[in-house]
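Below are the chains, spelled out letter by letter.
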Amino acid sequence: MMFEYLFSPIKLGQVELKNRISFQPHLTNFAEHCMPSERHMYYWGERAKGGAGLIITEEMSVHPTDTAYEKLVEAFHPEVIPGFRKITDYVHQYDAKIFCQLNHNGQQCDGSISRLPVWAPSPMPDVLFRETPKEMEPEDIEEVCRYFAKSAVHVREGGFDGVELQFGHSSLARQFLSPLTNFRSDEFGGSLENRMRAPLMFIEAVRKAVGKDFTLGIRLCADEMIPGGLDLGQIQEIGARFEASGLIDFMDLSIATFYNLYLVEGSMHTPLGYTIPLAAGMREKIKLPVFCTGRINDPVMAEKVLANGQSDMVGMCRALICDPFLPKKAFEGRLEDIRYCVGDNQGCIGRMGINRTLGCIQNPAVGLEKEWGEGTLKPAPVKKKVMVVGGGPAGLWAAKMAGRRGHQVDLHDRNENLGGQVLTAMKGAGRDEFGVIIRNEKDQVDKAGVRVHLQSRLTPEEILKANPDVVVVATGSQPKSHPVGGADGPAVFNVWQVLDGKPELGDKVCLIDYDGHHRASATAERLADLGKTVHIITSSLFVGAELGPTQDLYLTRQRLLQKGVTFTPDIAVMEVGGEAGQKEIKGFNVYSNQWQTWGPFDSIVLAMGQQVDADLYFALKGKVKELYRIGDCVAPRKVDMAIWEGHKTGRSI
Amino acid sequence: MAEKKLDILVILRECSDPRPPVRLMAKGAGIRDRGLRCLTNPADLEALEHALELRDAGVARVTAVAVGPKSLEDSLRLALAMGAERAIRVWNGVLAGGDAVAGAHLWQRVYAILRPDLVLTGNRLLDGGSDPAPALAAARQDLGCVSAALSLLVKDQEVEILRKGDRGSRQKIVAQLPCAILCEAGFKEPRYPALEAVVTATTQALETWGLEDLSLPEWEVGALGAALDQGEFATPRPDPLRSTTPDPSLPAFERILALLSGGIQPREGKMHFLPPDEVVESLMEIFQSEGLLPEAKT
């Protein structure tokens, strides 16, 4: 056994888990009319099938004033019980345990959804929702207690094995605990004992409602990471007091608040396992089982955390969204088959934040487990000769899925390595992990029986001569050849050229950012790392306009500033002129309409969009039996859509 | 030929079939018994074959005994079909979870009641475990016990046994009856019962003995009678590795940087070279500046 600790059983209260992997709570937006849905059932069921020992559901609302998101399950309605039963029955058949997370978000709520005032310990607006709440009266606190208890009864009746109360980054309980949000002068504010009073009342109410034998735990925020907030030392004390109450069975942990949401859901730029020191700090003081969550995407790392005694359970969230079968593969020692999460955040947090259903750039089946989950791939009725042109993410996925269905697949790519544009994108500063997307698939493509032909530039005639039944064109895109006047002049380069390290750049570089995403900012950062003086001109209000939902904005901006990059926002660039070393940029402010010239710069880098590379498609159109056009060569988008289309096409051939 | 027929007691045990892959429970918790295929221990069947050969020669009567739940009746009916005269299954729910000492106690009662001239069983269990209970019971009952027997030859009140020794050596031993002999597996082909015998055996009566038949109290057998307490499998909770956590005295921004730097570095130690009379004062100063001492009240 490779993972001695990871696959050892553990008891949380009366519940014995078969291993130490917990699928941690996170929003899914799968709820329908604020009720648990079939999508929930298949989504959690897939992770149970994949071998996770414990599943903790997304937060469920306990009170009408708790409407942080539009699609939260309202656990205080008894109507949720039948849906809960379906979910728990489905999960239990795979020998996994499932807990339900209950939460009241307090000030971190949006009253415009519920059309009720937001409730909080003190009338302090949250930094993200910016709504001044109502200061809770003692009766309100008692009402929330009753609703917590009521919801917990529904959870128990719904067949769950336990309940977790969210006292972490986004919760009313944390707002009571933290001096940052609790300014009360009555018995619920002031001293630590007073600040803990309301959260303890919630725990007591729930414990009384569910009985002694039901597993009950809390999720604490291990460090608020904000001046004036709670730090690890204080949370250790709070945790010890909760433990001493004897009412809880485990302690799950999170980190930070909405002041620094980028720490809650650390993106690719945060190190793997970045919260381990905090979990270890809690574990030193707490005897109850302690959880550790935060970019642990690898069973080897998880095993190390457990063996070092830094936690008793390993929380995996994005790792199991990306590959539900990670626990099973780790148990069987098939590490090379694991699809590792890269923390890109575009599919999961990037979609959640803007009220879309959960997704994953690397796993198109998220939320569609019923249709696309494990075991739904049927062998092709007719075995065809399939030719996939282009070995980027779209082509790889199309080839893999078609190969798995029994087609005879040939994958052609003109480069030396598979990966397409990903190979270039991963050269941006701090984006190396992005390349794992390709590494994850390479073996799978081989295992699917696909024949890979590298450095193979096929002409339409050669393809027609080979007479395939199906041709999938996934030839991708390239930077626009002429996005702005003067782009063909000297010392003007595009992002791909810069990342591939081809051009000789001068010391003073200006990057024109119409992209707003890593394509621009990670390139700028890389140039700064190379010692260039970088200036960014963007048409948006700020540099990195697309990075907000993925929680990359804050740290990207921080690093760019630390590296001396300067910005000019609001500018529509109209012309790039001048000779090398004397480049000038002309443009106007989109708000004030004032024209201006910037310069001189040694070189100009353009991040001004992509254009399709679809010549092959048009040459073949109407001449082959079946022709598909997928990924960037349809319209240049991001990697999630490339993989989505590749997956869908490979399934349908 | 002896005038009185030998009473031979053959002990049949069940073991898991090692050939199909087993389904493991989570690490440390063992093998899942759901869907686990069980078979009669092959060495026991060979012991039965030894006994049946003596029976065929007309010098013995064979009784097969098994301890276990109803599923063991299959093994006993097989013994009947092969030619055993009598089959007894001993079971009571409390017998579950016993160890070798508790097992030996039970077998001793069986020996004492049946008073066999010869106890035959397999030397080892197929699934890798040795079961010392029959041998321990023989010792308690003052019977001789010979292990690793390959063949046996009964002469009057003696039995001559060929034993397997180390590195292929063989040893011939003569034992006085009554005695227990543990037969090695792989040296004798158990007979294949005729279809007719198998059909007959399905309706033949099996004796079922409970604890009262053995006049044993519940607390002397099974888990209660075991000398060893059965522990639960669990991985020990490792002691926390002394880890460096973000220094709470740092401002939040610095703590974040520490976390994001990919690992928290312990703070560097400092060396102070001071004359002895200044050491105490300087230490107090350091302790105070580090927040290790409460500020002096003014």
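Residues numbered from 1 in each chain as written. Chains lettered and ligands numbered in written order. Predicted model: local features only at pLDDT ≥ 70, side-chain atom pairs only at ≥ 80, totals over all residues.

**Points about the overall build of chain B**
Cut-off, in case you're wondering: Where helices and strands are cited, they refer to DSSP runs of H or I of at least four residues and of E of at least two residues respectively, numbered from the N terminus. Exposure is read from a count of other C-beta atoms within 10 Å of each residue's own; the residue is exposed at 12 or fewer, buried at 20 or more and partly exposed in between. C-beta atoms are placed from the backbone. For the purpose of contact definition, each residue receives a C-beta atom placed from its backbone, and two residues are in contact when these atoms lie within 7 Å.
When its secondary structure is counted, chain B shows nine helices and 11 strands. The proportion of buried residues among the 298 residues of chain B is 33%. For chain B, long-range pairs separated by at least 24 residues make up 70% of all intrachain contacts whose partners lie at least 6 apart in sequence.

**A few points about the nonpolar core**
Inclusion rule: Only buried residues count toward a nonpolar core: Ala, Val, Leu, Ile, Met, Phe, Trp, Tyr and Cys, linked into one set through C-beta atoms within 7 Å.
A:Val163, A:Val206 and A:Val472 are the most contacted members of the largest nonpolar core, which totals 167 residues. If we ignore the near neighbours within four places in the chain, the residues touching A:Val206 are A:Phe148, A:Ala149, A:Ala152, A:Val163, A:Leu165 and A:Leu216.

**A look at unusual backbone geometry**
Trans peptide bonds make up most of the peptide bonds, and negative phi angles are found at most residues other than glycine. For the bond running from A:Gly599 to A:Pro600, omega is -5 degrees, close enough to zero to count as cis. For the bond running from B:Leu177 to B:Pro178, omega is -5 degrees, close enough to zero to count as cis. Within the secondary structure, B:Pro178 is located in the loop between β9 (170-176) and β10 (179-183). Not every positive phi belongs to a glycine, and A:His33 is a case in point at roughly 50 degrees. Secondary-structure assignment places A:His33 in the loop between β3 (21-23) and α1 (38-49). Taking the C-beta count within 10 Å as the criterion, A:His33 has 9 such neighbours and is therefore assigned exposed. You will see that B:Arg167, though not glycine, has its phi angle at about 50 degrees, which is positive. One can find B:Arg167 in the loop between β8 (158-164) and β9.

**Structural notes on the environment of A:Ile571**
Residues and elements named next belong to chain A. Along the chain, the position of Ile-571 falls in strand β23 (residues 571-577). Residues Ile-571 and Asn-29, spaced 542 residues apart in sequence, show a C-alpha to C-alpha distance of 37 Å. Those residues in contact with Ile-571 that lie beyond four places of it in its chain are Ile-537, Thr-538, Ser-539, Gly-587 and Asn-589.

**Re the environment of A:Ala399**
Residue and element names in this part refer to chain A. Inspection of the secondary structure assignment puts Ala-399 in helix α16 (residues 393-404). On the neighbour-count criterion, Ala-399 (34 C-beta atoms within 10 Å) is buried. Here the alpha-carbon distance between Ala-399 and Gly-650, two residues 251 residues apart in the chain, equals 6.4 Å.

**Topic: the sheet that holds β23(A)**
Residue and element names in this part refer to chain A. Which entries qualify depends on this criterion: Each pair of strands is called paired provided DSSP finds at least two bridges between the two strands. In this analysis an axis means a line fitted to C-alpha atoms, helices contributing only their contacting stretch, and an angle means the value between N-to-C directions, from 0 to 180 degrees.
With antiparallel pairing, three strands are arranged side by side in an open sheet as β23-β24-β25. Of all strands in the sheet, those with a lone pairing partner are β23 and β25 (595-601), marking the two edges. The mean angle between the axes of side-by-side strands here comes to 25 degrees, regardless of whether they run parallel or antiparallel. Note: strand β24 (residues 583-589) against β25, five bridges, orientation antiparallel. Considered in β25, the bridge of Ile-585 is made with Trp-598.

**Section: the sheet that holds strand β1 (residues 6-11) of chain B**
Residue and element names in this part refer to chain B. A sheet is described by the order of its strands in space; here nine strands give the open sequence β9-β8-β7-β10-β6-β1-β4-β5-β11, paired in mixed fashion. The sheet is open, and its two borders are formed by β9 and β11 (207-209), each paired with just one other strand. On average, each strand axis in the sheet is inclined to that of its neighbour by 35 degrees, with strand direction left out of account. Relative to strand β4 (residues 60-67), β1 is paired through six bridges, and the arrangement is parallel. Note that in β4 the partner of Asp-7 across the bridge is Arg-61. On top of the sheet, helix α2 (residues 73-82) reaches β1, β4 and β5 (86-90); it is set at about 170 degrees to β5, its chief contact.

**A few points about the pairing of strand β17 (residues 470-473) of chain A**
Residues and elements named next belong to chain A. Here β17 shows no split at all, with Val-470 and Val-472 on one side and Val-471 and Val-473 on the other all buried. Bridging between β17 and strand β28 (residues 626-629) involves four bridges; their strand directions are parallel. Bridging across to β28, Val-473 finds its partner in Arg-629.

**Section: the domain arrangement of chain A**
Residues and elements named next belong to chain A. Here is the rule: Domain limits in this description derive from either an automatic procedure or a database domain assignment. In this count, Pro and Cys sit with the nonpolar residues alongside Ala, Val, Leu, Ile, Met, Phe, Trp and Tyr, while Asp, Glu, Lys and Arg are called charged and the others, Gly among them, polar.
The domains assigned to chain A are domain 1 (10-372), domain 2 (385-478 + 612-652) and domain 3 (492-608). With 11 residues of domain 1 at the interface, the matching set in domain 3 holds six residues. For the side of domain 1 that touches domain 3, the secondary structure elements donating two or more residues are α9 (261-264) and α14 (349-352). Each residue belonging to the side of domain 1 that touches domain 3 can be placed in one class, and the counts come to four nonpolar, six polar and one charged.

**Describing the interface of chain B and chain A**
By a frequent convention, interface size equals the accessible area lost on bringing the separate parts together. Contact with chain B, which involves 25 residues of that partner, is made by 32 residues of chain A. Considered class by class, the residues forming the side of chain B that touches chain A number 15 nonpolar, six polar and four charged.

**Quick notes on the packing of α2(B) against helix α5 (residues 195-203) of chain B**
For any two helices packed against each other, one specifies the inter-axial angle together with the distance between the axes. Residues and elements named next belong to chain B. Using the following cut-off: Our angle categories are set so that under 35 degrees counts as roughly parallel, over 145 as roughly antiparallel, 65 to 115 as roughly perpendicular, and the remainder as oblique. It is the rotation of the near helix from the far one that decides the hand of a crossing: anticlockwise by less than a right angle makes it left-handed, clockwise makes it right-handed.
Axis separation between α2 and α5 bottoms out at 8 Å; the angle between their running directions is 130 degrees. Of the possible angle classes, the one that applies to α2 and α5 is oblique. Handedness of the crossing formed by α2 with α5: right-handed. Side by side, α2 and α5 meet where Arg-77, Leu-80 and Ala-81 of the first sit next to Ala-197, Val-198, Ala-201 and Thr-202 of the second. Its residues assigned to classes, the contact of α2 with α5 comprises five nonpolar, one polar and one charged.

**Structural notes on the packing of α1(A) against helix α2 (residues 80-92) of chain A**
Residues and elements named next belong to chain A. Relative to each other, α1 and α2 sit at 20 degrees, their axes nearing to 8 Å. Taken as axis vectors, α1 and α2 run roughly parallel relative to one another. Crossing of α1 against α2: the hand is right-handed. For the pair α1 and α2, the contacting residues are His-40, Met-41, Trp-44, Gly-45 and Ala-48 in the first and Lys-86, Ile-87, Tyr-90 and Val-91 in the second. The residue makeup of the contact of α1 with α2, split by class, is six nonpolar, two polar and one charged.

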